[in-house]
Amino acid sequence: MSGTGNGRYGTGPFPHGRDERAPDGPFRGGTSPGRSPWGESSRHVPSQGGPPGGQVVVIGGEPVPGKIGTRLIPPFTEGEAAALAAAALEDTLRAVARVPVARHALALDGAPGPWLPHGFTLLPQRGNGPDERLAAAFDDAHRLLPGPVVLIGTDTPQVTPDMLGYALSLLGAYDAVFGPATGGGFWLLGLRAPHPGLLLGAPTPEPVTGEVRLRRLGEAGLSVALMPRLTDVDTAADAFAVAAQAPRSLFAATLARMSALR
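In short, a report on the structure. (Residues numbered from 1 in each chain as written. Predicted model: local features only at pLDDT ≥ 70, side-chain atom pairs only at ≥ 80, totals over all residues. Heavy atoms only, no water.)

Points about the nonpolar core
The following threshold applies: In plain words, nonpolar cores are sets of buried Ala, Val, Leu, Ile, Met, Phe, Trp, Tyr and Cys residues tied together by side-chain atoms within 4.5 Å. The buried label goes to any residue with under 20% of its type's maximum accessible area, the exposed label to any with over 50%, and the partly exposed label to all in between, with areas taken from a 1.4 Å probe on protein chains only. Each helix is a run of H or I in the DSSP string that is no shorter than four residues. Each strand is a run of E no shorter than two, and both are numbered from the N terminus. We call two residues in contact whenever any of their non-hydrogen atoms come within 4.5 Å of each other.
Among the nonpolar cores identified, the biggest contains 29 residues, and Val 177 and Met 227 are the most heavily contacted of them. Elements that contribute at least two residues to this core include exactly β2 (55-61), α1 (78-97), β3 (103-109), β5 (149-152), α3 (161-170) and β7 (186-191). Counting residues per element, this core draws most heavily on α3, which supplies six residues. Not counting residues within four places of it along the chain, the set of residues in contact with Val 177 comprises Val 150, Ala 167, Leu 170, Leu 171, Leu 188, Leu 189, Gly 190, Ala 225 and Met 227. Among the nonpolar cores identified, the runner-up in size contains 23 residues, and Val 57, Ala 176, Leu 199 and Leu 214 belong to it.

As structure tokens, then:
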């Protein structure tokens, strides 16, 4: 619960602090290191997606060449980078669609396409920068359906429904849940209630963005549970690493086709 002071971090499977509790690569669950009850091959979805009224929101952009996936250029072309971004977006939306929650939503920059699954609530992105858009997505989602919100980007196509359902379930006991990314940013943020002041004004260089956001949550007195650290797709090397972690994903198939043509 909220309070004052330096905050409280989770002491369950993924507490804040020790590196082995937030491993790189595939998701690690439970209390036995090295064994994942929700690995990439698992298709089991938890029977409880989280607290009543919970929702999962994806924040992403329409996969337009030259506008999205630009961090992959070079070695990929604008068209290839956009195709990889489109595959990652679709993989993420498919995973979110299988989480049993009150609402699935997409905070979208651009226009929806055939890749948008049925049943998603569309939320236009608002704001001038990443921090404003993040805060607005939480605010808009919560205003339409008050309750816990888990928000995820589209740079981790290896995410599974079980990871997202577990993250949402943590909001039954914690004020926030945070998923750090290997590049220094974060791949998931969940809040019981919006806290715009904690999200606005964070520095944009990714090596410190995640650290700053996590520290702000603790300094505000929020109890925070940590998810495992995942590799987000920032570089070509990241793309191949993530594809290896999720070999049956659309992202992996798209990357394999591109590699075969080179």
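Considerations on the pattern of salt bridges
Spelled out, the test is: By salt bridge we mean one thing: a side-chain nitrogen of Lys or Arg within 4 Å of a carboxyl oxygen of Asp or Glu.
In the structure shown here, the tally under the stated rule is 12 salt bridges. Ionic pairing is found between Asp 109 and Arg 133, a salt bridge with its closest N-O pair at 3.8 Å. Highlighted residues: Asp 109 in strand β3 and Arg 133 in helix α2 (residues 130-144), separated in sequence by 24 residues. Two residues, Asp 175 and Arg 192, come together in a salt bridge whose shortest N-O distance is 3.7 Å. Of the two residues, Asp 175 is situated in the loop between α3 and β6 (176-180) and Arg 192 in the loop between β7 and α4 (196-199); the sequence distance between them amounts to 17 residues. Overall, the relative accessible area of 29% leaves Arg 192 in the partly exposed class. Three or more residues joined by partner-sharing salt bridges are found here, namely Arg 126, Asp 139, Asp 140 and Arg 143.

Taken by themselves, the reported measurements are silent on function.
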